[in-house]
Amino acid sequence: MARAISFYIMHSPTMPGLPPLIRLEAVSKTFPLPGGGSFNAVCPLSLDVAQGQIFGLIGKSGAGKSTLLRMINLLERPDSGRVMLDGQDLTRLSKRQLRMARQDIGMIFQQFNLLQNATVFDNVAFPLTLHGRFGKVELDARVHECLALVGLTDKTHHYPAQLSGGQKQRVAIARALAPRPKVLLCDEPTSALDAETTRSVLETLLDINRQLGVTIVIVTHELSVVHALCTRVAVLEQGQLVEQFDVDDHAGRRISVLGRELEQERRRAELLKAYDANIEERAASSREAV
Ligand SMILES: Nc1ncnc2c1ncn2[C@@H]1O[C@H](COP(=O)(O)OP(=O)(O)OP(=O)(O)O)[C@@H](O)[C@H]1O
Ligand SMILES: [Mg+2]
């Protein structure tokens, strides 16, 4: 799958020179344990995500990836530190201000989290109706625009149960994009999908990043997804940020196991690409010779 994805999808450019869109400053999260005591899910760590970037968060199960991701929109409130979005400290906002600020942050999940008893149209319209800022004509137009973006115009009146996994995830993407967010948070968005569907959902995410300039932060355990999509990646281990690097920086030494695996996977994909090109070249020469 890694090879297939990397052949179809080119890396997205970042926008150098701009201040970070997301800045996590010494954020941490501890959960209480049932028998008393506590567990440090995220130890104090700082992270910047540049505007226009596709930022990958990787790590083993339980490393704290989802907790860290959910801290960006304060679904998980950090015990300490600051969460800055476009220069605004989200941890200091009132409930009403936070509701407004969250319109800038869309989110999608592994299990899609769609409203089962609502049509595709109503699912996408849902975040817009919450704030009551849209008249019917404007709302209709925005929902259709978002469904067109993800290629699902023909499913407008279907229910989630009538859709494939990939189509459900596209509805979730359209719903997340409806309020025109600056950031899209993705928690394992392709883990429930097959290879072919994964590729098409990743292409959609890449289009969104390129065409709309939406910054993406994606949690994934699939290294091929990192290669296909991400411009930068951070590795978490037991709640600690072990390293972070640009995906196309091949000179730096990787200190984490996953960082090294990522580099090995890239080399493997490059070798396969060279091999395929060589086969194609030979086939072309033989055709010419006949
Ligand atoms: N609400 C909670 N209460 C108690 N412990 C929690 C809670 N949420 C997460 N944890 C614990 O914090 C740690 C980090 O969880 P998190 O969900 O962030 O991991 P993850 O890296 O996303 O793992 P996975 O790849 O399995 O999704 C885990 O050990 C988890 O059990
Ligand atoms: Mg998780």
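The chain is annotated in an unreviewed UniProt entry as Cell division ATP-binding protein FtsE of Paracandidimonas soli. UniProt annotates the chain under Sequence similarities (unreviewed entry) with the comment "Belongs to the ABC transporter superfamily."

Colleague: Help me out: how do you make sense of the pairing of strand E10 (residues 240–246) in this one?
Modeller: Bridge count for strand E9 (residues 232–237) against E10 is six bridges, and the pairing is antiparallel. By the bridge assignment, Val233 is partnered in E10 with Phe245. Taken together, E9 and the strand that follows it, E10, pair antiparallel across an intervening segment of two residues, in which Gln238 is found at a positive phi of about 45 degrees.

Colleague: Honestly, the sheet that holds strand E7 (residues 183–187) in this entry has me stumped. Any pointers?
Modeller: Remark on secondary structure: sheet strands pair via backbone hydrogen bonds, oriented parallel or antiparallel. The strand order across the open sheet formed by six strands is E6-E7-E8-E3-E9-E10, and the pairing between neighbours is mixed. Only two strands of the sheet have a single partner each, and these edge strands are strand E6 (105–109) and E10. For this sheet, the mean inter-axis angle between neighbouring strands, taken without regard to orientation, is 15 degrees. Sheet analysis places E6 next to E7, joined by five bridges and oriented parallel. Residue pairing across strands places Ile105 opposite Val183, the latter belonging to E7. Strand contacts of helix H2 (residues 65–72): strand E3 (54–59), E6, E7, strand E8 (215–219) and E9, with the helix running at about 155 degrees to E8, the strand carrying the most contacts. The strands touched by helix H6 (residues 165–177) within the sheet are E6 and E7, with E6 carrying the most contacts at an inclination of about 165 degrees.

Colleague: Is there a simple way to explain the site of ligand 1 in this structure?
Modeller: In the region of ligand 1, the neighbouring residues are Phe31, Phe39, Ala41, Gly59, Ser61, Gly62, Ala63, Gly64, Lys65, Ser66, Thr67 and His221. For the shell around ligand 1, the elements supplying multiple residues, two or more each, are strand E2 (38–50) and H2. Here the shell around ligand 1 gets three residues from one element, more than from any other, and that element is H2.

Colleague: Before we go on, may I ask you to explain the packing of H6 against helix H7 (residues 195–212) in this structure?
Modeller: The angle between the axes and the distance between the axes are what describe a pair of packed helices. The geometry of H6 relative to H7 is characterised by a closest axis approach of 9 Å and an angle of 15 degrees between their N-to-C directions. In terms of axis orientation, H6 runs roughly parallel to H7. You can see that H6 and H7 cross each other, and the crossing is right-handed. For the pair H6 and H7, contact is made by Gly165, Gly166, Gln169, Arg170, Ile173 and Leu177 and by Thr197, Ser200, Val201, Thr204 and Ile208, respectively. Here the residues of the contact of H6 with H7 sort into four nonpolar, six polar and one charged.

Colleague: It is not clear to me how the UniProt feature "domain: ABC transporter" (unreviewed entry) in the chain should be interpreted in this structure. Could you clarify?
Modeller: Within this structure's numbering, the places UniProt gives as "domain: ABC transporter" (unreviewed entry) are residues 22–263. Within residues 22–263, the helical portion is 36% and the strand portion 27%, while the C-alpha atoms at the span's ends are 26 Å from each other.

Colleague: Looking at this model, I keep getting lost on helix H5 (residues 136–149). Mind explaining?
Modeller: Given 3.6 residues per turn, any residue in an α-helix points the same way as the ones three and four places further on. Over its 14 residues, H5 runs 20 Å from end to end, which matches the ideal 20 Å to within 8%, given 1.5 Å per residue. Check the buried side of H5 and you find it contacts helix H4 (120–131) and H6. Immediately beyond the C-terminal end of H5, within one or two residues, lies Gly151, with a positive phi of roughly 70 degrees.

Colleague: Could you clarify how one ought to interpret the sheet that holds strand E4 (residues 80–85) in this entry?
Modeller: One open sheet holds the four strands; their spatial order is E2-E1-E4-E5, and the pairing between them is antiparallel. Each end of this open sheet is capped by a strand with a single partner; those strands are E2 and strand E5 (88–89). Relative to E2, strand E1 (residues 20–32) runs antiparallel, the two sharing nine bridges. When the bridges of E2 are listed, Lys29 appears paired with Val42. Its contacts with the sheet place H2 against E1, E2 and E4, and it is angled at close to 125 degrees to E1.

Colleague: Sorry, what's going on with unusual backbone geometry here?
Modeller: Here the phi dihedral of Phe112 falls at roughly 70 degrees; this positive angle occurs in a residue that is not glycine. Here Phe112 shows up in the loop between E6 and H4. A positive phi is found at Asn113, a non-glycine position, where the angle reads about 50 degrees. With respect to the secondary-structure elements, Asn113 resides in the loop between E6 and H4.

Colleague: For this particular structure, what's the right way to read H2?
Modeller: Counting buried positions along H2 yields six of eight residues, so the element is predominantly enclosed. Taken together, the buried positions of H2 are Lys65, Thr67, Leu68, Leu69, Met71 and Ile72. Looking one or two residues beyond H2, the residue adopting positive phi is Leu74, at roughly 60 degrees.

Colleague: How should the nonpolar core be read in this particular structure?
Modeller: The nonpolar side chains of a soluble globular protein tend to be buried with one another. Core analysis: the largest hydrophobic core is formed by 67 residues, its most contacted members being Val124, Ala174, Leu184, Leu185, Ile216, Val217 and Leu229. A total of six residues in this core trace back to one element, the largest contributor, which is H6. Each residue touching Ile216, except ones within four places of it in the same chain, is listed here: Ile54, Phe55, Leu184, Cys186, Leu205 and Asn209.

Colleague: Where do I start with the packing of H4 against H6 in this structure?
Modeller: At a minimum axis distance of 7 Å, the contact between H4 and H6 shows a crossing angle of 30 degrees. Judged by the angle between their axes, H4 and H6 are roughly parallel. The handedness of the crossing between H4 and H6 comes out as right-handed. Contacts from Val120, Asn123, Val124, Phe126 and Pro127 in H4 reach Val171, Ala174 and Arg175 in H6. For the contact of H4 with H6, the class distribution of residues is six nonpolar, one polar and one charged.

Cut-off values and rules
Residue numbers here run from 1 along each chain, matching the order of that chain's written sequence. As they are written, the chains are lettered A onward and the ligands numbered 1 onward, keeping that order. Since the coordinates come from a predicted model, pLDDT governs what is reported: local features require at least 70, and pairs of side-chain atoms require 80 or more to be given and counted, while whole-chain, interface and lining totals use all residues. UniProt positions are given in the numbering used here, feature names are shortened, and annotations may be inferred rather than shown by experiment. Two strands pair if DSSP finds at least two bridges between them. Numbering goes from the N terminus for both helices and strands, where a helix is a DSSP run of H or I of at least four residues and a strand is a run of E of at least two. Angles shown run from 0 to 180 degrees and are taken between the N-to-C directions of axes, each axis being a line fitted to C-alpha atoms and, for helices, limited to the stretch in contact. We call two residues in contact whenever the C-beta atoms placed from their backbones are within 7 Å. Whether a residue is near a molecule or strand depends on its C-beta atom, generated from backbone atoms, being within 6 Å of that molecule or strand. Roughly parallel means an angle under 35 degrees; roughly antiparallel means over 145; roughly perpendicular covers 65 to 115; every other angle is labelled oblique. Rotating anticlockwise by less than a right angle from the far helix to the near helix defines a left-handed crossing, while the corresponding clockwise rotation defines a right-handed one. Each residue is assigned to one of three groups, with Ala, Val, Leu, Ile, Met, Phe, Trp, Tyr, Cys and Pro labelled nonpolar, Asp, Glu, Lys and Arg labelled charged, and all others, Gly among them, labelled polar. For a helix, the expected span equals 1.5 Å multiplied by the number of residues minus one. Here exposure depends only on C-beta density: within 10 Å of a residue's C-beta, 20 or more other C-beta atoms make it buried, 12 or fewer make it exposed, and intermediate numbers make it partly exposed, the C-beta atoms being placed from the backbone. A set of buried Ala, Val, Leu, Ile, Met, Phe, Trp, Tyr and Cys residues, joined to one another through C-beta atoms within 7 Å, is what we call a nonpolar core.

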